[in-house]
Amino acid sequence: MDKTITLEVFRYLPDQENQPRFQSYAVPYREDWVVLDALNYIKDYLDGTLSFRWSCRMGVCGSCGMMVNGDPKLTCAAFLKDYYPNPIRVEPLTNFPVIRDLVINFDDFLHKLKEIKAWLIPKEEKPVSTGEYLQTPAQLAQYKQYSMCINCMLCYAACPVYGLEPKFLGPAAIALGQRYNLDSRDGAKDQRADFISSSEGIWECTFIGECTRVCPKHVDPAGAIQQAKVINTQEWWLSFLMPWGKRGTHAK
Amino acid sequence: MQSKEYVRPMPATWWLHNIHLKLFMIRELTSLFVAGYAVFLLVLISHGDDLKTFTDTLLCPTAIIFQLIALPFVVFHSVTWFNLTPKAIVLFRGEERVSPRVIAGTHYFLWAVISLLILIVVL
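Along each chain, residue indices are assigned from 1 in the same order as the chain's sequence is written. Ligands are numbered from 1 and chains lettered from A, in the order in which they are written. Restriction of local features to residues with pLDDT of at least 70 applies here, the model being predicted, together with a cutoff of 80 or more for giving and counting side-chain atom pairs; totals for whole chains, interfaces and linings are based on all residues.

## Some thoughts on the overall build of chain B
Line of reasoning, step 1. Secondary structure counts use DSSP, requiring at least four H or I residues in a row for a helix and at least two E residues in a row for a strand, with both numbered from the N terminus. In terms of helices and strands, chain B carries four helices and two strands.
Line of reasoning, step 2. Shown N-terminal to C-terminal, the secondary structure of chain B runs as helices and strands in the order α-α-α-β-β-α.
Line of reasoning, step 3. When we talk radius of gyration, it's over C-alpha atoms, and the globule rule is simply 2.2 Å times the number of residues to the 0.38. Relative to its length of 123 residues, chain B is extended, with a C-alpha radius of gyration of 22 Å against a globular reference of 14 Å.
Line of reasoning, step 4. The C-alpha extent of chain B, read off along each of the three principal axes, is 80 × 45 × 20 Å.
Line of reasoning, step 5. To sort residues by exposure, count the other C-beta atoms lying within 10 Å of each residue's C-beta; 20 or more gives buried, 12 or fewer gives exposed, and values between give partly exposed, all with C-beta atoms placed from the backbone. The proportion of buried residues among the 123 residues of chain B is 3%.
Line of reasoning, step 6. For every residue pair, C-beta atoms are placed from the backbone, and the pair is scored as a contact if these atoms sit within 7 Å. When contacts within chain B are restricted to residue pairs at least 6 apart in sequence, those whose partners lie at least 24 apart make up 42%.

As structure tokens, then:
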């Protein structure tokens, strides 16, 4: 018989059960398969009722994030061979409510992205006829790392602070706030300051660093948050020493 | 119909989940020894005008035992924070980011220099 590997999958069917349970499935073991392939095999051949999100299968869309043996992972990048012959436990991302099986409700994250204004707001709107908003490679380097975020929310699942205090703005939203604050074309730092500098923003972070450890795109949200703390502190001191100056107007 | 969502409780033992979280908790707990040593230094300084009381306080068995216990915790605290400094201090040389090793290394270098200077002054 061909080799198999067992997947212990978190099941929650709200229309039938009040409590979640784990269901085991034996799937064919192939060296080039990832956990997402195994889940798709279950869905196609063993149990069509299993629900989970996925799309690109290549670490770009950020929709297949799940807990794999207790660690937040993109299931399209978690190879079966790294766990074989032991069973693999697959759960929905922690710190989020579960809608069904492996599907979470991430409305809170989307709301926070909106609060932080995670998009480019130019210093001054220019007509298209005047051309592009130009930027040097050195200016791009300032924020490029943070622009790699794919909104997969593994960092939220890894962050104990978010688990204990759901009001916390969270790693990805702050990293994306920094991404635009550090962009030379952006002019909305003051608009983001109320959220980034609040007690539910950067100052809630205790620098555990799990967000950075689990980030599949090496965004380093923990670094972004600490840098925001340094910048915020500098601006607070500047506004304290030079209250008439412009630089410290958004320091909290 | 609004679906019934399941919210998983956060266990009180969350910090036992993996080695990284355990090391984080140890780093946090070592701050108690840093704070304790700071209080000890304040007590010492309060005897600054009386050399005999100062040295007696510094060299009494309880103080020596406390310092021996506090030392590894304070060193662990300092080393873990120094290793994290490149996260907070990001410098660019044009398009190139200054290596995190240089940032952390500078802190270790300054630590060594200041310790040496204090040693020279004391001896």
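## Quick notes on the overall build of chain A
Line of reasoning, step 1. On a plain count of helices and strands, chain A comes out with nine helices and seven strands.
Line of reasoning, step 2. Its C-alpha atoms put chain A at 75 × 40 × 30 Å along the principal axes.
Line of reasoning, step 3. The buried share of chain A, taken over its 252 residues, is 40%.
Line of reasoning, step 4. Of the contacts made within chain A by residues no fewer than 6 positions apart, 63% connect residues no fewer than 24 positions apart.

## A few points about the sheet that holds strand 5 (residues 88-91) of chain A
All names here are of chain A.
Line of reasoning, step 1. Only when DSSP finds a minimum of two bridges between them are two strands counted as paired. The strand order across the open sheet built from five strands is 2-1-5-3-4, with neighbouring strands paired in mixed fashion. Pairing within the sheet leaves two strands with one partner each, and these edge strands are strand 2 (21-28) and strand 4 (71-74). Between one strand axis and the next, the sheet turns through 35° on average, direction left out of account.
Line of reasoning, step 2. Here strand 1 (residues 4-11) runs beside strand 2; their pairing, made up of eight bridges, is antiparallel. What sits directly across from threonine 4, in strand 2, is proline 28. In this analysis, axes come from line fits to C-alpha atoms, helices being fitted only over the stretch in contact, and the angle between any two N-to-C directions falls in the range 0 to 180 degrees.

## Details of the nonpolar core
Here is a general trend for soluble globular proteins: nonpolar side chains tend to be buried in one another's company.
All names here are of chain A.
Line of reasoning, step 1. For this entry, the nonpolar core is defined as buried Ala, Val, Leu, Ile, Met, Phe, Trp, Tyr and Cys residues connected by C-beta atoms within 7 Å. Counting 65 residues, the largest nonpolar core has Leu7, Val35, Val90, Met153, Cys155 and Ile174 as the members making the most contacts within it.
Line of reasoning, step 2. Looking at this core, the element that brings in the most residues is helix 6 (residues 171-181), giving six residues.
Line of reasoning, step 3. Domain start and stop points were drawn from an automatic or database domain assignment. Both of domain 1 (4-104) and domain 2 (107-241) provide at least three residues apiece to this core.
Line of reasoning, step 4. Not counting residues up to four positions away in its chain, the partners in contact with valine 90 are Leu7, Val9, Phe10, Val35, Met66, Val68 and Leu102.

## Some details on the domain arrangement of chain A
Residue and element names in this part refer to chain A.
Line of reasoning, step 1. The assigned domain composition of chain A is domain 1 (4-104) and domain 2 (107-241).
Line of reasoning, step 2. Placing the centre of domain 1 and that of domain 2 at their C-alpha centroids yields a distance of 30 Å.
Line of reasoning, step 3. Elements with a minimum of two residues in the side of domain 1 that touches domain 2: strand 3 (65-68) and strand 4.
Line of reasoning, step 4. When residues in the side of domain 1 that touches domain 2 are grouped by element, the largest group, three residues, is from strand 4.
Line of reasoning, step 5. Here the nonpolar group is Ala, Val, Leu, Ile, Met, Phe, Trp, Tyr, Cys and Pro; Asp, Glu, Lys and Arg are the charged ones; every other residue, Gly included, is treated as polar. The class makeup of the residues in the side of domain 1 that touches domain 2 is seven nonpolar, five polar and one charged.

## With respect to the interface of chain A and chain B
Line of reasoning, step 1. Opposite the 25 residues of chain A that make contact, chain B presents 19 residues.
Line of reasoning, step 2. For the side of chain A that touches chain B, the secondary-structure elements that each account for two or more residues are strand 6 (98-100), helix 3 (137-141), helix 5 (160-164), helix 8 (210-214) and helix 9 (221-241) of chain A.
Line of reasoning, step 3. In terms of residue count, the dominant contributor to the side of chain A that touches chain B is helix 9 of chain A (five residues).

## Let's talk about the pairing of strand 4 of chain A
Residue and element names in this part refer to chain A.
Line of reasoning, step 1. Pairing of strand 3 with strand 4 involves four bridges; the strand directions are antiparallel. Pairing of valine 68 across the sheet is with aspartate 71, part of strand 4.
Line of reasoning, step 2. The loop that links strand 3 with its antiparallel partner strand 4 comprises two residues; one of these, asparagine 69, has a positive phi angle of about 50°.

## Notes on unusual backbone geometry
Residue and element names in this part refer to chain A.
Line of reasoning, step 1. Note that the residue after tyrosine 84, namely proline 85, is joined by a cis bond; omega there is 5°.
Line of reasoning, step 2. Following the sequence through the fold, proline 85 ends up in the loop between strand 4 and strand 5.
Line of reasoning, step 3. Within the chain, aspartate 101 stands out as a residue other than glycine whose phi angle is a positive 45°.
Line of reasoning, step 4. If you trace the backbone, aspartate 101 turns up in the loop between strand 6 and strand 7 (103-104).
Line of reasoning, step 5. Assessed through the 22 C-beta atoms surrounding it within 10 Å, aspartate 101 is described here as buried.
Line of reasoning, step 6. Even without being glycine, methionine 153 reaches a positive phi, approximately 70°.

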